[in-house]
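# Architecture at a glance
Here are the chains, one letter per residue:
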Amino acid sequence: MSYHWAVATDRGRIRKINEDSLYPPTSGRSEGPAVVLVADGMGGHIAGERASAVATERAVESKGSLKERVEAANIAIFEEIDRHPELAGMGTTMTLFELGEDGVVRFAHVGDSRAYLFRDGELSQLTTDHTVVAEYLRRGTITPDEVATHPQRSLITRALGLQPDIEIDTGEEPVGPGDRLLLCSDGVNAMIDDESIADSLDLETPEEAVWDLVEKANRAGGHDNITAIVVQVD
Ligand code: MG
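Below or above, wherever it landed, is the structure these notes cover.

### A closer look at the overall build of the protein chain
- When its secondary structure is counted, the protein chain shows seven helices and 12 strands.
- The C-alpha radius of gyration of the protein chain comes to 17 Å, within 12% of the 17 Å expected for a compact globule of 234 residues.
- In terms of principal-axis extent, the alpha carbons of the protein chain reach across some 45 × 40 × 35 Å.
- When the 234 residues of the protein chain are sorted by exposure, 56% land in the buried category.
- Expressed as a percentage of contacts within the protein chain between residues at least 6 apart in sequence, the contacts between residues at least 24 apart total 68%.

### As for the packing of helix α6 (residues 194-201) against helix α7 (residues 206-219)
- Relative orientation of the contacting elements α6 and α7 amounts to 145 degrees, with a least axis distance of 8 Å. Seen from α6, the contacting residues are Ser196, Ile197, Asp199, Ser200 and Leu201; seen from α7, they are Ala209, Asp212, Leu213 and Lys216.
- Per-class residue counts for the contact of α6 with α7 are four nonpolar, two polar and three charged.

### Looking at the coordination of the magnesium ion
- The protein atoms that coordinate the magnesium ion are Asp40 (OD), Asp186 (OD) and Asp224 (OD), at distances of 2.1 to 2.2 Å.
- The sequence pattern formed by the donor residues of the magnesium ion is D-x145-D-x37-D. With aspartate 186 in helix α5 (residues 186-189) and aspartate 224 in the loop between α7 and β12 (226-233), the pair connects residues that are 38 residues apart, well separated along the chain. When sorted by exposure, aspartate 186 lands in the same class as aspartate 224, which is buried.

### Concerning the pattern of salt bridges
- Using the criterion set out here, one finds 17 salt bridges in the structure.
- Among the ionic pairs, glutamate 80 bridges to arginine 83, the shortest N-O distance being 2.8 Å. Of the two residues, glutamate 80 and arginine 83 both sit in helix α2 (residues 66-83), three residues apart, roughly one turn of that helix.
- Its relative accessible area of 7% is what places glutamate 80 among the buried residues.
- For the salt bridge of glutamate 173 with arginine 119, the shortest nitrogen-to-oxygen distance reads 3.3 Å.

### Looking at α7
- Counted at 1.5 Å a residue, the expected span for α7 with its 14 residues is 20 Å, and the 20 Å between its end C-alpha atoms agrees.
- What α7 keeps buried is the set Pro206, Ala209, Val210, Asp212, Leu213, Val214, Lys216, Ala217 and Asn218.
- The elements touched by buried residues of α7 are β1 (3-10), β11 (180-184), α5, α6 and β12.
- Phi for glycine 221, located one or two positions after α7, is positive at around 135 degrees.

### Some thoughts on the packing of helix α1 (residues 47-61) against α2
- Where α1 meets α2, the closest approach of the two axes is 8 Å, and the angle between their N-to-C directions is 135 degrees. Regarding the angle of α1 to α2, the classification is oblique. Between α1 and α2 lies a crossing of right-handed hand. Counting all contacts with α1, which are made through Arg50, Ala51, Val54, Ala55, Arg58, Ala59 and Val60, the residues of α2 involved are Arg69, Ala72, Ala73, Ala76, Ile77, Glu79 and Glu80.

Cut-off values and rules
Residues numbered from 1 in each chain as written. Predicted model: local features only at pLDDT ≥ 70, side-chain atom pairs only at ≥ 80, totals over all residues. Heavy atoms only, no water. Helix = DSSP H or I, 4+ residues; strand = E, 2+ residues; numbered from the N terminus. Rg over C-alpha atoms; globule rule 2.2 N^0.38 Å. Buried < 20%, exposed > 50% of the residue type's maximum accessible area, 1.4 Å probe, protein only. Contact = heavy atoms within 4.5 Å. Axes fitted to C-alpha atoms, helices over the stretch in contact; angles between N-to-C directions. Nonpolar A, V, L, I, M, F, W, Y, C, P; charged D, E, K, R; others polar. Donors = N, O, S within 2.8 Å, 3.2 Å for Na, K, Ca; no water. Salt bridge = Lys/Arg side-chain N within 4 Å of Asp/Glu carboxyl O. Expected span 1.5 Å × (residues − 1). Parallel < 35°, antiparallel > 145°, perpendicular 65-115°, else oblique. Left-handed = near helix turned anticlockwise from the far one by under 90°.

If you want it as structure tokens, here you go:
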């Protein structure tokens, strides 16, 4: 199995800094195993940027399963706060793929960044948002139409940096040539709908796809930092 990915990250049109982090920092290819990830930091001022960067660095250098990488990234945030108490309260989302040489893509996820699979023209979300509105939706308290405008839409229920002990969702998906995968921060999916995301993923190359997502999210207002990684399976 061969993987080819493209990455893009942008501050958006409102925020002064980009608190999202991603890995790898540039486009690339691999036969696997390879880890790709997005992290969306929070905490205000420089803290959010620091949280996503510290967590990303630790997740990448850690060995073991994706779950172990996320656990290590979580601890790294607490260590950073010990060294710099002014950063207390910072946190980050984290969603990762491990692109397997066996043709299986494994993922781990905490927060409201997303992983999608685009196969045969159909887009499906592999992860579940850890947000208050996603919980309301599951309980039927609100309808899908109400999500985009709900006052609590950005409230997340799980993130790295909140507790030393963390609940991590994991899963896996066998992939084949022609499949595409997307990791993105909520600056993408909060600004453009699934149909529009699918149109971007249908473009000729992963490079075109990621930059089209950034451009569309900005055109829709760019309210948040925008990060996308598109992986093509060959
Ligand atoms: Mg965000």
